[in-house]
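Examination of the molecular architecture
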Amino acid sequence: MGRWVDKFIGFVSLNKLYKKRMMTKIIVLPHESLCPNGLEFDAPVGETICDALLRNHIEIEHACEKSCACTTCHVIVREGIQSLDDAEEKEEDMLDMAWGLTPLSRLSCQAKVRSEPLVIEIPKYTINHARETH
Ligand code: FES
């Protein structure tokens, strides 16, 4: 009985350690309305940047419900972009319509967190804002 319990405790500890290792730090730069003071948190590898932001109460727009059909979830990956999987063609096509596009732009609903820390900037506007105010 004692050996079974020891094995179980060992398994649980290893599992916790494994899960800890699979987390990545994300730093979000201050955004006037969504995150005025900036924020730093850990996100699990494999989670989309959009889901990680939402899970941490940063209400980034996601007008198409994360189906790569708008650009409202656009983010600029100031550090760590090289660790992300390359954008697929559909994401690239949509990005062309994003407000404030840069070479470091990604659609946060498509880009998944990998093992390197990320520094994320949320652009001041989305195409929705741009249509409303300009
Ligand atoms: S939520 Fe529409 S493209 Fe990401």
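Up top is the structure these notes are about.
These figures come from a predicted structure and were not determined experimentally.

Reading the values: rules and limits
Residues numbered from 1 in each chain as written. Predicted model: local features only at pLDDT ≥ 70, side-chain atom pairs only at ≥ 80, totals over all residues. Core = buried A, V, L, I, M, F, W, Y, C linked by C-beta atoms within 7 Å. Buried ≥ 20, exposed ≤ 12 C-beta atoms within 10 Å, placed from the backbone. Helix = DSSP H or I, 4+ residues; strand = E, 2+ residues; numbered from the N terminus. Contact = placed C-beta atoms within 7 Å. Pairing = 2+ DSSP bridges. Axes fitted to C-alpha atoms, helices over the stretch in contact; angles between N-to-C directions.

1. Things to note about the nonpolar core
Looking at soluble globular proteins, one finds that nonpolar side chains tend to be buried together. Formed by 19 residues in total, the largest nonpolar core has its most connected members in Ile26, Ile49, Cys50, Ala52, Leu53, Val113 and Ile120. Elements that contribute at least two residues to this core include exactly β1 (23-28), α2 (49-55), β3 (74-79) and β5 (118-121). With four residues, the top contributor of residues to this core is α2. Filtering out sequence-adjacent residues up to four positions away, Ile26 remains in contact with Phe41, Ala43, Ala52, Val113, Leu118 and Ile120.

2. Overview of the sheet that holds strand β4 (residues 105-107)
Reading across the sheet, the five strands line up as β2-β1-β5-β3-β4 and stay open at both edges, with mixed pairing between neighbours. Every other strand in the sheet has two partners, leaving β2 (39-44) and β4 as the edge strands with one partner each. Between one strand and the next, the sheet's axes are offset by a mean angle of 40°, whatever the strand orientation. Where β3 lies against β4, three bridges are found, and the strand directions are antiparallel. In the strand pairing of β4, His74 is matched with Leu107.

3. Notes on the pairing of β1
In β1, alternate side chains face the same way, and those of Thr24, Ile26 and Val28 are buried while those of Met23, Lys25 and Ile27 on the opposite face are not. With six bridges joining them, β1 and β2 adopt antiparallel strand pairing. The partner of Lys25 across the bridge, within β2, is Asp42. For β1 and β5, the ladder comprises three bridges, and the chain directions are parallel. Considered in β5, the bridge of Ile26 is made with Leu118.

4. Considering unusual backbone geometry
If you check the backbone angles, Glu65 has positive phi at about 60° while not being a glycine. For Glu65, the location among the structural elements is in the loop between α2 and β3. One non-glycine residue, Cys68, lies in positive phi territory at about 65°. Its location among the elements puts Cys68 in the loop between α2 and β3. For Cys68, a count of 17 C-beta atoms within 10 Å corresponds to the partly exposed category.

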